[in-house]
Amino acid sequence: MRKSRLKFAILKVSRIAVPAAFFGMILGLVGLGSCWRVAAKIWNLPIWIGEIIMLIAVAVWLILLLLYVSKWLWAREDALAEFEHPVFCCFIGLVPVSTVLIALAIAPYSHTIAFVLFAIGAIGQLSFGVYRSGRLWMGGRNPETTTPVLYLPTVAGSFVSAIVASALGYRDWGVLFFGAGMFSWLALESIIMQRLFLLEALPKPLRPTLGIQLAPPVVGCVAYLGITNGLPDTFAQILFGYGLLQALILLRLLPWVFQQPFAASYWAFTFGIAALALSSLRFVERGITGAMEGLAVLLFVGANIAIGSTALGTLRLLLLGKLLPPSALAKAPHNIAPSPDTPRSTRSL
């Protein structure tokens, strides 16, 4: 009886086929938790709020990791289809990146566990980034499949690794990772902008991925602050200023993006939003006063509202049974970006 129940449970889990894009939840949650950790220092806010958010992030990461591993074990066709897809493959980079961020969440409690997770995640993201970039260098890519998700394997992975390496006391490694992320971002930015400017508009299911566009300058800013000391210099403020511009452009585009009904894909906004707020909080923590202090309050409140709303919307979809529909990636076309008629399971990515 117990064996049959266990077999049934395994089969049920194997049918979930969780998309790798769901690991974007970890980026938003850890980002918000980091904001609360800094806010608790500079404004004497309750410390436990940030730690609870970090605990939730760790729990969600463990659940997603279990489901994602089960996907490769019992739904390999879906896993391989995602791995080979020209758009969705880049989300796989979030698996090791989220692992690096979990190391940041755990660091105050166990440096050893944090280091092990960081090492595994950093090696994983670097390996996947090198592999995926090598595929891109071979050419033959359809320009319409170019979206901001291209930032994930190299830019997000390198900047996050720089942040956590510095936090764990390995500043020299942080500098190397920052360099990798910085120049990868500059190389990809023009390619992605050219696609957005000159080709057909992104189909509705992919529009939420524009939220990733906010992340490089502000996550890069947090990474740069991690490898430097003292009052934030001009370059840090330049990165932050460009991030503010990206945020304003995305605010202008929200009505257009919201033509796509709410789905887990909206977590693409959360890491950039959290990093924008965290950058301003770090500025205040490091001694910048004046207008930045008021801006930090505004961005912190906004990050809590945006990420909290996204989390509540995700929980609602989960309770309604609409968050994790069976994957249809194996049936998705591999030579073009998904159309508005793409099955719902693919839209959730």
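Residues numbered from 1 in each chain as written. Predicted model: local features only at pLDDT ≥ 70, side-chain atom pairs only at ≥ 80, totals over all residues. Heavy atoms only, no water.

## Quick look at the overall build of the protein
Piece 1. Each helix and strand counted, the protein has 13 helices and 0 strands in total.
Piece 2. Each helix and strand of the protein, ordered N terminal to C terminal, gives the series α-α-α-α-α-α-α-α-α-α-α-α-α.
Piece 3. Buried positions account for 53% of the 349 residues belonging to the protein.
Piece 4. A fraction of 78% describes how many contacts in the protein between residues 6 or more apart in sequence connect residues 24 or more apart.
Piece 5. Carbon and sulfur atoms make up 69% of the accessible area of the protein, which totals about 16,000 Å². (Helix = DSSP H or I, 4+ residues; strand = E, 2+ residues; numbered from the N terminus. Buried < 20%, exposed > 50% of the residue type's maximum accessible area, 1.4 Å probe, protein only. Contact = heavy atoms within 4.5 Å. Areas by Shrake-Rupley, 256 points an atom, 1.4 Å probe, with all protein chains shown as cover.)

## Structural notes on the pattern of salt bridges
Piece 1. Applying the stated rule across the entire model yields 5 salt bridges.
Piece 2. In this structure, the salt-bridge partner of R135 is E84, at a minimum N-O distance of 3.4 Å. Of this pair, R135 sits in helix 6 (residues 111-137) while E84 sits in helix 4 (residues 76-84), and the two are 51 residues apart along the sequence.
Piece 3. Between E285 and R282 there is a salt bridge, with its nearest N and O atoms 2.9 Å apart. Remark: R282 and E285 occur in helix 11 (residues 270-285); sequence separation between them is 3 residues, near one turn of the helix.
Piece 4. Bridged by salt links that share partners, the residues K41, R282 and E285 form one connected network. (Salt bridge = Lys/Arg side-chain N within 4 Å of Asp/Glu carboxyl O.)

## Regarding unusual backbone geometry
Piece 1. Within the chain, N44 stands out as a residue other than glycine whose phi angle is a positive 55°.
Piece 2. Along the polypeptide, N44 turns up in the loop between helix 2 (24-43) and helix 3 (47-74).
Piece 3. Of the residues examined, N44 reaches a relative accessible area of 69% and is grouped as exposed.

## A few points about the confidence of the model for the protein
Piece 1. Model confidence for the protein is summarised by a mean pLDDT of 89, while 88% of its residues fall at 70 or above.
Piece 2. Confidence drops under pLDDT 50 across residues 5-14; counting only partners more than four residues distant or on other chains, this segment forms 5 contacts.
Piece 3. Per-residue pLDDT stays below 50 along residues 326-349; that stretch engages in 60 contacts with residues further than four places along the chain or on separate chains. (pLDDT = per-residue confidence, 0-100.)

## Some points on the nonpolar core
Piece 1. Counting residues in each nonpolar core, the largest one holds 106 residues, and the members touching the most others are F91, I102 and F118.
Piece 2. In this structure, I102 is in contact with I26, V30, A57, V58, W61 and L117, ignoring residues within four places of it in sequence. (Core = buried A, V, L, I, M, F, W, Y, C linked by side-chain atoms within 4.5 Å.)

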